[in-house]
Every structure is written in C-alpha cells, then in structure tokens.
Amino acid sequence: MTRRSGVRDVIAYNWPQYAAGLVAAGVCAALAGRLPYPLRTMARAGSAAAVGLLTSATVASWLVYDRSELYDYDWLDTLLPQPPSEHLVVGTGLDEASAPLAARWPASRQITVDLYDPAVMTGGSVRRARRRVPPPPHALPGRPDALPVPRSGVDAVFLIFAAHELRQVKDRERLFEECARVLRHGGRLVLVEHLRDGPNTAVFGPGAWHFLPRAEWLRLAAHAGLLPAAEHRIARLVTALAFTRGPA
C-alpha cells in the first residue's frame, strides 16, 4: 500500500501549533469575563479567531489530503506530454511520491534523492514526519547543489511538497540549477506546492508564510533557465507547475 498523509498526519506533524492555538483560545476565553468591556470584546474575538483558524486549517487539510485528486496523480497527464523513460524524485524529509510514481510508470527507471539535513531543516514538523515516514531504502543522499544524477540523465524531475523546506534562497537556487542540469532537452520539472496566496492565507492564516509565493518559484525557474510549460490547481489550495528545459 502507498503511504499517504491525511489530516490526522498533518495534525500529528504540527501538533505544537495546534496546542498553542487551543491554549491561546482557552486563555482568551477564560480572561474575557474578568476584563472591562473593551478588552473583554477583544479577548472573545481573539478566542473565536484562534478556534476559527484551527478549524479552517483542519478542514482545508482534509479537503486537500483526504478528499482531493492529489494522490491519484492523474493530473500529471495535464503537465507531462508523455510518460518519462527515466525520472527523478527529490525529497527533503517526507517522501510520499516515489512509490506511487514508480507504480504509475513501472517501465520508467526511477532515481530517488533525499536532501534531508537535520542541521539545516530544523523544523519540528519535518522531524516528526520523517520519524513516521522514513525515506525509501533505495534513496540516495544528495545536496541542493549536488544531485547524484548525470547531466541530461532524466526526462522528468519531481519536487512534490519538497522545495519549500529549503529556507535559504541560495539553496533553492542551487537545487533548481541542478534540476535543470539533470533534465534532458524537452524534459520537465514538476513542482507541487501550496502557494503564499489569498486562498491559502485565508484558511491557514500566518501558517501560509511557511509557503512561498508564485513569483519566487517563477524566479527560481527563470534563474535556472527553465520555462513555464503547464499548470494545474488541486482543491484550489495546491498548485502543480511544470517547467521545461529548452535548448542548451
């Protein structure tokens, strides 16, 4: 069976944020009755906002990870002109893509690279996710500036909920440069991410700042010499972008 995260896993990976939100809501509610009128209204509003944000984030996660088309990968048909003969899956701590992609294209040679570095990726949610879902045994270690793949070695590269974990701009730039290097002419980089945009901010609140804006992904692709080729929106909250490598 293919391991896939659902809303329960999202809560497990991010339980400190949920706990902090519930504590904040409880404290505001408890203090409301003891405060003078203006502050009482603000405390009650703060409590309602905290509960509302937790609820909207949970519902959004359920819609994306439990109810949407995300994990059937049929949407890849709109991004790739044909199945790849060789493809690369890059992970940064939680790899749930390599197994379903291998099953989707059994004749395609797959390379899986794990970029996880606990000294760099210090987020608690990544550590907890990695403990629950260890990398596949065949995954090769790599760095953003050194993917263990020869030049022009694959037809497709997949960065599925991975690249945003590289919080340093230079690391993201080097990774995109490496993706361009290993792609064959006409090959495609498929990037899947939440974006820091209106819909994600509306449901995730401040948590959306962990995501990156569309402009940054487009800039990274252009920096590496990759051209936008296709796009697909999943559950209105996840964006899949395909970039192609043009002539050398």
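Calculation notes
- Residues numbered from 1 in each chain as written.
- Predicted model: local features only at pLDDT ≥ 70, side-chain atom pairs only at ≥ 80, totals over all residues.
- Heavy atoms only, no water.
- Core = buried A, V, L, I, M, F, W, Y, C linked by side-chain atoms within 4.5 Å.
- Buried < 20%, exposed > 50% of the residue type's maximum accessible area, 1.4 Å probe, protein only.
- Helix = DSSP H or I, 4+ residues; strand = E, 2+ residues; numbered from the N terminus.
- Contact = heavy atoms within 4.5 Å.
- Pairing = 2+ DSSP bridges.
- Right-handed = clockwise from strand over helix to strand, strands pointing away.
- Axes fitted to C-alpha atoms, helices over the stretch in contact; angles between N-to-C directions.
- Parallel < 35°, antiparallel > 145°, perpendicular 65-115°, else oblique.
- Left-handed = near helix turned anticlockwise from the far one by under 90°.
- Nonpolar A, V, L, I, M, F, W, Y, C, P; charged D, E, K, R; others polar.
- Polar contact = N/O pair within 3.5 Å; in protein donor to acceptor, adjacent residues only side chain to side chain.
- 1 Å grid on protein atoms, 1.4 Å probe; cavity = no way out; pocket = protein on both sides within 12 Å on 5 of 7 lines; lining within 4 Å.
- Points joined across faces, edges and corners; volume = space filled by probe spheres on them.

Asks: How would you explain the nonpolar core if you had to name every residue and give the values?
Replies: Residues W75, L76, L101 and F158 are the most contacted members of the largest nonpolar core, which totals 33 residues. Within the residue set of this core, elements represented by two or more residues are α3 (37-67), β4 (154-160), β5 (183-194), α7 (198-204) and β7 (238-245). For this core, the element with the most residues is α3, which contributes 5 residues. Setting aside chain neighbours within four positions, we find L101 in contact with Y73, L76, H87, V89, Q110, F158 and I160. In terms of nonpolar packing, the next biggest core, distinct from the first, is built from 32 residues, V154, A180, W217 and A224 among them.

Asks: Break down the pairing of strand β2 (residues 109-114) for me, with residues and values.
Replies: Strand residues, when the strand is regular, have side chains that alternate between the two faces of the sheet. Alignment of strand β1 (residues 86-91) against β2, held across 6 bridges, turns out to be parallel. Bridging across to β2, V89 finds its partner in T112. Handedness of the β-α-β unit built from β1, helix α4 (residues 98-104) and β2 comes out right-handed. Across 2 bridges, the pairing between β2 and strand β3 (residues 140-141) is parallel. Bridged to D114 within β3 is P141. For the handedness criterion, the β-α-β arrangement of β2, helix α5 (residues 124-132) and β3 is classed as right-handed.

Asks: With reference to specific residues and values, describe the packing of helix α2 (residues 15-32) against α3.
Replies: With their axes 8 Å apart at the nearest point, α2 and α3 run at an angle of 155° to one another. Classified by the angle between their axes, α2 and α3 sit roughly antiparallel to one another. The two elements α2 and α3 meet at a crossing, and its hand is left-handed. Here Q17, Y18, G21, L22, A25, C28, A29 and A32 of α2 come into contact with α3, specifically with R40, A43, R44, G46, S47, A50, V51, L54, A57 and T58. Of the residues that constitute the contact of α2 with α3, the class distribution is 11 nonpolar, 5 polar and 2 charged.

Asks: Kindly report on the side chain of H194, identifying the contributing residues and their values.
Replies: Along the chain, H194 turns up in strand β5. The class for H194 is buried, based on a relative accessible area of 3%. Side chain to side chain, H194 and N200 meet in a polar contact 3.0 Å long. The residues touching H194, leaving out its near neighbours within four places in the chain, are V64, Y65, F161, N200, F204, F211, L212, L237 and V238.

Asks: I'd love a proper account of the pairing of β4, names of residues and values included.
Replies: Among the 7 residues of β4, 6 are classified as buried, and the element is accordingly described as predominantly covered. Two elements, β1 and β4, share 4 bridges in a ladder whose sense is parallel. Paired with V89 across the two strands is F158, which belongs to β4. The pairing of β4 with β5 spans 6 bridges and is parallel. Its bridge partner being in β5, L159 is matched across the sheet by L191. What joins β4 to β5 is helix α6 (residues 169-182), and the crossover it makes is right-handed.

Asks: Residues and numbers for the packing of α6 against helix α8 (residues 214-223), please.
Replies: Two elements in contact, α6 and α8, have axes whose closest approach is 8 Å; the angle formed by their N-to-C orientations is 50°. Taken together, the axes of α6 and α8 are oblique relative to one another. For the element pair α6 and α8, the recorded crossing hand is right-handed. Contacts from V169, R172, E173, F176 and E177 in α6 reach E216, W217, R219, L220, A221 and H223 in α8. When the residues that make up the contact of α6 with α8 are grouped by side-chain class, the tally is 5 nonpolar, 1 polar and 5 charged.

Asks: With reference to specific residues and values, describe the layout of surface pockets.
Replies: Put simply, the largest pocket is a space of about 1000 Å³. Around the largest pocket sit 36 residues that line it, and V10, N14, S125, H210 and F211 are the ones nearest its centre. Of all elements in the fold, only α1 (7-13), α2, α3 and α5 reach the threshold of two or more residues within the lining of the largest pocket. A per-class count over the lining of the largest pocket returns 19 nonpolar, 14 polar and 3 charged.

Function cannot be read off these values alone, since they describe shape.
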